[in-house]
Amino acid sequence: MDQYLFRQYLSTVYDLPSSTGPLRVSLDGDVVQDPSSLPELLTRPFAILTAYNPRSMLLPRKVNDARHAVLRDLLVLGCYRVEQCVGYEDDPEGTWREPSWLVHGMDRDEAIAFGRVFRQNTIILSRNGRPELVVTDPTCDELCRTFVSNWRVRA
């Protein structure tokens, strides 16, 4: 995977919905010795999926919105609890924002399948307080290659 793209994925900030309000996190944190010290949401299994801009190809907003709605409908039909979240660059001058879905309790293989169907470069899985960036596009890297990271909770 291109190193610039890889660094961008790790530093993307996500606003995740939680019971105490929005939780700002990224995947570029330090090793956490005790996962119970993380906010509760980060200790539960979930996936972050999007249908926007397949293979990093910018699409018109109307097309992205339609694709994103289809993804949500399929997830809901699959009986998943789905909540809105958003990923964005942590740069005051940055304009990139990508709506995503936080999918509670999703199985790894199914999350990867959704990433492939919607032509995403990667997806994010979280298990036991550790996020994983998983390649779902074989043109980026070996399919299902996983980069285990650490959550960074941002103020």
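Parameters and conventions
Every chain's residues receive numbers from 1 upward, in the order its sequence appears when written. In keeping with the predicted nature of the model, local features appear solely for residues at pLDDT of at least 70, side-chain atom pairs appear and are counted solely at 80 or more, and the whole-chain, interface and lining totals rest on all residues. Side-chain numbers come from the whole structure's heavy atoms, not from hydrogens or water. Secondary structure is summarised from DSSP: a helix means a run of H or I of at least four residues, a strand means a run of E of at least two, and numbering begins at the N terminus for each. With the radius of gyration taken over C-alpha atoms, the globule rule is written as 2.2 Å times the number of residues to the power 0.38. Buried means the residue's accessible area, taken with a 1.4 Å probe over protein chains only, is under 20% of the maximum for its type, while exposed means over 50%, and partly exposed covers the values in between. Contacts are assigned to residue pairs that have any heavy atoms within 4.5 Å of one another. We get accessible surface area from the Shrake-Rupley algorithm with a probe of 1.4 Å; when it comes to residues, only the shown protein chains can shield them. We define a polar contact as two N or O atoms separated by no more than 3.5 Å, with the added condition that, inside protein, one atom must be a possible hydrogen donor and the other a possible acceptor, whereas residues neighbouring each other in sequence contribute only through side-chain atom pairs.

Q: Would you mind showing me how to read the overall build of the protein here?
A: Each helix and strand counted, the protein has 4 helices and 9 strands in total. Mapped from its N terminus to its C terminus, the protein presents α and β elements in the order α-β-β-α-β-α-β-β-α-β-β-β-β. What you see for the protein is a C-alpha radius of gyration of 15 Å, in line with the 15 Å of a compact globule of 155 residues. Dimensions of the protein, computed from C-alpha atoms along their principal axes, come out at roughly 40 × 35 × 30 Å. Residues classed as buried in the protein amount to 45% of the 155 residues present. By sequence separation, contacts in the protein at least 24 residues apart represent 56% of the contacts at least 6 residues apart. Per element, the accessible surface of the protein, about 8400 Å² overall, is 52% carbon and sulfur.

Q: Which parts of the structure should I look at to understand the environment of Gln120?
A: Among the structural elements, Gln120 can be located in the loop between α4 (108-117) and β6 (122-127). Owing to a relative accessible area of 6%, Gln120 belongs among the buried residues under this scheme. Expressed as a C-alpha distance, the spacing of Gln120 and Thr50, which sit 70 residues apart in the sequence, is 7.6 Å. Setting aside its immediate chain neighbours within four residues, Gln120 contacts Thr50, Ala51, Tyr52, Asn53, Pro54, Arg67, Glu98, Gly115, Thr136 and Asp137. There is a polar contact of 3.1 Å between the side chain of Gln120 and the backbone oxygen of Tyr52. Reaching out from Gln120, the side chain makes a polar contact with the backbone oxygen of Phe118 at a distance of 3.1 Å.

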